[in-house]
Amino acid sequence: ANTVAALTMWFQYRTSWNIAHRLATRLVGSYIREPYQFFLQTNSADLIKKVVPEVNTLTTGVLVTGIQLVARGFVSIVIFGLLIAVNAPLALMAILLLGGTYFLIFLSRRTYLERLGQERLDANLERFKSLNELLTGIKALKVSHAGPFFYDRYRKASRRVTSVHPKFQMVSLLPKYI
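Residues numbered from 1 in each chain as written. Predicted model: local features only at pLDDT ≥ 70, side-chain atom pairs only at ≥ 80, totals over all residues. Heavy atoms only, no water.

A. Spatial organisation of the nonpolar core. With 20 residues, the main nonpolar core has Val 28, Val 51, Leu 131, Leu 135 and Tyr 154 as its most contacted residues. A per-element tally of this core places helix H1 (residues 2-33) first, with six residues. Counting six residues, the second-largest nonpolar core is a separate cluster that includes Tyr 13, Val 64, Met 170 and Leu 173. (Core = buried A, V, L, I, M, F, W, Y, C linked by side-chain atoms within 4.5 Å. Buried < 20%, exposed > 50% of the residue type's maximum accessible area, 1.4 Å probe, protein only. Helix = DSSP H or I, 4+ residues; strand = E, 2+ residues; numbered from the N terminus.)

B. Representation of the packing of aromatic side chains within the structure. Scanning the entire structure with this criterion turns up two aromatic pairs. Relative to Phe 38, the ring of Tyr 31 has its centre 6.3 Å away and its plane inclined at 25°; by these criteria the two rings are stacked. Residue Tyr 31 is classed as buried on the basis of its relative accessible area of 7%. Measuring from ring centre to ring centre gives 5.1 Å for Phe 149 and Phe 150, while their planes differ by 80°; the resulting arrangement is edge-to-face. (Phe/Tyr/Trp six-rings, centres within 6.5 Å; stacked < 30°, edge-to-face > 60°.)

C. Fine view of the side chain of His 21. Topologically, His 21 is positioned in helix H1. Taking the relative accessible area as the measure of exposure, His 21 reaches 6% and is therefore buried. In terms of polar contacts, His 21 uses its side chain to reach the side chain of Ser 158, at 2.8 Å. Those residues in contact with His 21, other than ones at most four positions away along the chain, are Arg 155, Ser 158, Arg 159 and Thr 162. (Polar contact = N/O pair within 3.5 Å; in protein donor to acceptor, adjacent residues only side chain to side chain. Contact = heavy atoms within 4.5 Å.)

D. Structural detail: the packing of helix H3 (residues 44-51) against helix H6 (residues 110-136). Interhelical geometry of H3 versus H6 gives an angle of 145° and a closest axis separation of 10 Å. Once H3 is placed against H6, the crossing between them reads as right-handed. Residues Ser 44, Leu 47, Ile 48 and Val 51 of H3 lie in contact with H6, whose contacting residues are Phe 128, Leu 131, Asn 132, Leu 135 and Thr 136. Counted by class, the contact of H3 with H6 contains six nonpolar, three polar and no charged residues. (Axes fitted to C-alpha atoms, helices over the stretch in contact; angles between N-to-C directions. Left-handed = near helix turned anticlockwise from the far one by under 90°. Nonpolar A, V, L, I, M, F, W, Y, C, P; charged D, E, K, R; others polar.)

Listed below in structure tokens is the structure:
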């Protein structure tokens, strides 16, 4: 059951972040196709905010959280209700034992999470950098027809973030399944 639950979570995270990648790259692609006049009337910082933080907020705050909240809440209520109904002292012992195990697992995965966190930070920095260069240098970009180059660079950085986020989130949640 835990293996199935962990695989389901992996699928949820991977799917959510793939949706985030598609949304962000679609937005960037639409910005590149806009005429220069659009960029004279629009602040590039606002465009960047719409692409990265807003898409990430939608992904983590709505997609992932909504799915998890419903699934976890239901399962937790049912399991704890059954455990207490069957044998309350044994249920409390099990909770203490599992809590202690969870804490030990939490400590053991800390360095891996730090490495993944740094990789995620580096990928996000590359993503912001390429997006900032793309949108703040739009005049030169339009004249030189370099849009595809910068779009591809952003797309690759976004794909890196998309591949790191599910790993990071799964390793964070792994103790619960172990």
